[in-house]
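These are the residues of each chain, in order.
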Amino acid sequence: MADSSTTQGIKTVLHPVSDLEAAKAVYTALLGFPPQTDESYYVGFEAEGQHIGLVPGGAAQGMAAPVAYWQVEDIEAKLAEVTAAGATVKDKPREVGGGRVVATFTDPDGNVLGVLQDR
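Note that the structure is predicted; figures quoted are calculated from it, not measured.

J.: For this particular structure, what's the right way to read the overall build of the protein?
T.: Helices and strands together make up the secondary structure of the protein, namely two helices and eight strands. Secondary structure of the protein in N-to-C order comes out as β-α-β-β-β-β-α-β-β-β. In terms of overall size, the protein behaves like a compact globule, its C-alpha atoms giving a radius of gyration of 15 Å where 119 residues would be expected to give roughly 14 Å. By principal-axis analysis of the C-alpha atoms, the protein measures approximately 40 × 30 × 25 Å. Counting only residues that meet the buried cut, the protein has 37% of its 119 residues in that class. Taking the intrachain contacts of the protein between residues at least 6 apart in sequence as the baseline, contacts between residues at least 24 apart amount to 52%. When the accessible surface of the protein is split by element, carbon and sulfur atoms take 54% of a total near 6800 Å². The protein carries 8 positive and 16 negative side-chain charges, and their two centres are separated by 3 Å.

J.: Just to check I follow, could you spell out the UniProt feature "domain: VOC" (unreviewed entry) in the protein for this structure?
T.: UniProt records the feature "domain: VOC" (unreviewed entry) at residues 9-118, using the numbering of this structure. For the annotated span residues 9-118, helix accounts for 20% and strand for 50% of the residues, and the straight-line distance between the end C-alpha atoms is 14 Å.

Parameters and conventions
Residues numbered from 1 in each chain as written. Predicted model: local features only at pLDDT ≥ 70, side-chain atom pairs only at ≥ 80, totals over all residues. Heavy atoms only, no water. Helix = DSSP H or I, 4+ residues; strand = E, 2+ residues; numbered from the N terminus. Rg over C-alpha atoms; globule rule 2.2 N^0.38 Å. Buried < 20%, exposed > 50% of the residue type's maximum accessible area, 1.4 Å probe, protein only. Contact = heavy atoms within 4.5 Å. Areas by Shrake-Rupley, 256 points an atom, 1.4 Å probe, with all protein chains shown as cover. Lys, Arg positive; Asp, Glu negative; His and termini not counted. Charge placed at Lys NZ, Arg CZ, Asp CG, Glu CD. UniProt positions renumbered as here; feature names shortened; annotations may be inferred.

Following this line, the structure appears as structure tokens:
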């Protein structure tokens, strides 16, 4: 029985990069096509139903590794569920444009996981 707080799978993975142009070249070669979003602050690829994002300076923002974002219907409900189960909210929900809201949390081992909701 599904409810509004079930996930819709991993739809977005964000990668922290130190050299945006170098990373863009590698991901373009890997995927076989150029990015759909190509800005100085963010480069994004749409690949087979997944969004692959390159975040320049991500390490300075606390991204130590790629972060997978699980798509959810209700970000607040999902955060309440995972924190009740032992997770810790790292970054509270915030809008990042286009009606998309994102948040991150850590599991009991400190792994960073993300959730996103399109409103």
